[in-house]
Amino acid sequence: MKDTAQAPAREAGSADRGPTGPLGVAVVGAGYWGPNLVRNFQSAPQFRLRWLCDLDVDRARQVLGGYSTVGATSDYAAVLADPAVEAVAVATPAGTHLEVALAALRAGKHVLVEKPLAATYEDGRRLVAEAEERGLTLMCDHTYCYTPAVGRIREMVRAGELGEIQFVDSVRINLGLVQKDVDVLWDLAPHDLSILDFILPDHVQPVAVAAHGADPIGAGQSCVAYLTLQLNTGAIAHVHVNWLSPTKVRTTMVGGSKRTLVWDDLNPAQRIAVFDRGVDLSAPQEIGADERRDMLVSYRTGDMVAPAIGEKEALRSMVEEFAAAIRTHRPALTDGRAGLRVLDILEAASRSLEFRGAVVGLRTGR
Ligand SMILES: NC(=O)c1ccc[n+]([C@@H]2O[C@H](COP(=O)([O-])OP(=O)(O)OC[C@H]3O[C@@H](n4cnc5c(N)ncnc54)[C@H](O)[C@@H]3O)[C@@H](O)[C@H]2O)c1
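These notes cover the structure that comes with them. Keep in mind that this is a model prediction, so the values were computed, not measured. Along every chain, residues carry numbers that run from 1 in the direction the sequence is written. Selection of residues for local features in this predicted model requires a pLDDT of at least 70, selection of side-chain atom pairs for listing and counting requires 80 or more, and totals for whole chains, interfaces and linings are taken over all residues. Excluded from the side-chain calculation are hydrogens and water; included are all heavy atoms of the structure.

Topic: the sheet that holds strand β9 (residues 224–231)
Thinking step 1. If DSSP finds at least two bridges between two strands, the strands pair. Helix numbering and strand numbering both begin at the N terminus, where a helix is a DSSP run of H or I of at least 4 residues and a strand a DSSP run of E of at least 2. Spatial ordering of the open sheet is given by β14-β13-β12-β11-β7-β10-β9-β8-β15, a layout of nine strands whose pairing is mixed. Unpaired on one side and paired on the other, β14 (297–305) and β15 (360–361) mark the two borders of the sheet.
Thinking step 2. The sheet contact formed by strand β13 (residues 272–281) and β14 spans seven bridges and is antiparallel. Residue pairing in the sheet places F275 in a bridge with M304 of β14.
Thinking step 3. The contact definition used throughout considers only heavy atoms, calling two residues in contact when any of these lie within 4.5 Å. Note on geometry: axes are C-alpha line fits, over the in-contact stretch for helices, and angles between N-to-C directions span 0 to 180 degrees. Helix α7 (residues 148–158) contacts β7 (165–175), β11 (244–256), β12 (260–264) and β13 of the sheet and is inclined by roughly 170° relative to β12.
Thinking step 4. Docked against the sheet, helix α8 (residues 184–199) engages β7, β9, β10 (236–242), β11 and β12, running at close to 150° with respect to β10.

See the structure below:
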């Protein structure tokens, strides 16, 4: 049944668009998150939104409003058959990402998938392989990576301004919606793990994870979880995610040998503070043999600097990156492989939860 409320006017495909014309795009999924993609694709000159597709066509119509020229449909095959659609953005539940995204890739479309890339590592791997074989862009919407604050943190960390990374500590807690299909780890930790993947220099990689979780309200799955990641350099990263916290906290601390950075996403006046404070250990040859061991330790108490951070909606930057990746045939900043690395950690963390915090090795490197 073709359940098209209003089909968009016929338009040329990529061959006739020219190298700079807007890319035809369709959004699949008009639930909680899909409308945010719709709004950003509609306001980005790099795209022309052609369709909003949802199993519930009324929901798609409602999101678009009465005067829209964008097509609302529940007929995904018709969307994929439209030659003016060059890219598809998938905002359906994670369990459907493989099916929806794979169909788009097989129809020759570039694909943006909401986080997490897929429900399992194996599903994610199939998507990455399909996109690479076909030379198509596969990008994962790791939204936080496109916030101005995280962009700045990445620049500072990768330029060595903090020195060697010693520890990362990320807290993402609030009274959250207790989900039916995923635990707190799969719901919230993809944000922290994608940020970690994004900011760390290429030579610093997680190699193993241990996770502890609890379900103190009897929800049937973990509502509180703690992840500890071992990094290949000997550094450590910790992630605390929690649906049961009465207060909302969104803080990440990145400790380096030179400086330590604190990002508080809930403090718009000072999202990032960089502390020139820390602990130095003198090299043993610098002190006399008879000096006590505790004299090796010295404390730095320098300035705190709060860099000016611009304001720009993350999803706006994210859709711009999707367009740039398609046009220049380069991997997106958060490409399918970045999505896969996050899935690797999530799966390993789930296995660790089953074995009460056992350390589980990771398979992927960069
Ligand atoms: N980037 C972020 O910060 C962020 C935030 C929230 C959600 N998400 C992600 O967005 C995705 C969607 O989450 P949500 O909260 O909007 O879910 P939702 O359940 O509110 O909406 C999903 C929509 O998809 C539709 N749908 C399901 N299967 C479909 C199919 N095969 N074809 C067409 N439509 C289909 C449903 O009818 C529903 O309207 C998830 O992957 C989620 O993890 C990302």
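Some details on a nonpolar patch on the surface
Thinking step 1. Surface patches are defined over residues having more than 30% relative accessible area and no salt bridge, joining like charges when they lie within 9 Å and nonpolar side chains (Val, Leu, Ile, Met, Phe, Trp, Tyr) when within 5 Å. Throughout, the Shrake-Rupley method with a 1.4 Å probe supplies accessible areas, and for residues the shown protein chains are the sole cover considered. The term salt bridge refers to a pairing of a side-chain nitrogen on Lys or Arg with a carboxyl oxygen on Asp or Glu at a separation within 4 Å. A surface patch of nonpolar side chains, about 420 Å² in accessible area, is lined by V279, L281, V297 and Y299.
Thinking step 2. Taken together, the elements giving at least two residues each to the nonpolar patch come down to β13 and β14.
Thinking step 3. Inspection of the secondary structure puts L281 in strand β13.

Digging into the sheet that holds strand β4 (residues 87–90)
Thinking step 1. As summarised here, the arrangement of the six strands in space is β3-β2-β1-β4-β5-β6, forming an open sheet in which the pairing is parallel. Looking at strand neighbours, the two that pair on one side only are β3 (71–73) and β6 (138–141), the edges of this open sheet. Adjacent strand axes in the sheet meet at a mean angle of 20° when their direction is disregarded.
Thinking step 2. Sheet analysis places strand β5 (residues 110–114) next to β6, joined by four bridges and oriented parallel. Looking at β6, one finds that L112 is bridged to M139.
Thinking step 3. Contacts from helix α3 (residues 57–64) reach β2 (47–53) and β3 within the one sheet, and its direction differs from that of β3 by about 155°.

Some remarks on the site of the ligand
Thinking step 1. Contacts to the ligand come from 21 residues, most closely from W33, D54, R59, K115 and T143.
Thinking step 2. Each polar contact in these results corresponds to two N or O atoms within 3.5 Å; when the atoms are within protein, one needs to be able to donate a hydrogen and the other to accept it, and residues that are neighboring in sequence are counted only if both atoms are side-chain atoms. Side-chain polar atom of H97 to an oxygen atom of the ligand: 3.0 Å apart, as the coordinates give it.
Thinking step 3. Between the ligand and the protein, one listed contact pairs a nitrogen atom with a side-chain N or O atom of T143 at 2.7 Å.
Thinking step 4. For the ligand, whose accessible area on its own is 860 Å², the fraction buried by protein is 78%.
Thinking step 5. By residue class, the composition of the shell around the ligand is 10 nonpolar, six polar and five charged. If even one non-hydrogen atom of a residue comes within 4 Å of a molecule or strand, that residue is called near it. Three classes are used, and their members are as follows: Ala, Val, Leu, Ile, Met, Phe, Trp, Tyr, Cys and Pro are nonpolar, Asp, Glu, Lys and Arg are charged, and the others, Gly among them, are polar.

Overview of the environment of E155
Thinking step 1. The topology assignment puts E155 in helix α7.
Thinking step 2. Relative accessibility decides the category of a residue: with a 1.4 Å probe and only protein chains considered, values under 20% of the type maximum give buried, values over 50% give exposed, and everything between is partly exposed. A relative accessible area of 52% places E155 in the exposed class.
Thinking step 3. For E155 and P201, which are 46 residues apart along the polypeptide, the C-alpha to C-alpha distance reads 9.6 Å.

What to know about the pairing of β11
Thinking step 1. With nine bridges connecting them, β7 and β11 associate as antiparallel partners. Each bridged residue has a counterpart across the sheet, and for D169 the counterpart in β11 is M253.
Thinking step 2. Note: β11 against β12, five bridges, orientation antiparallel. The partner of G255 across the bridge, within β12, is T260.

Describing the environment of G213
Thinking step 1. For G213, the position within the fold is in strand β8 (residues 206–214).
Thinking step 2. Of the residues examined, G213 reaches a relative accessible area of 43% and is grouped as partly exposed.
Thinking step 3. Put simply, G213 and H240 are 27 residues apart on the chain and 9.9 Å apart in space, counted from C-alpha to C-alpha.
Thinking step 4. Excluding anything up to four places from it in sequence, G213 contacts S222, V224, A225 and L353.

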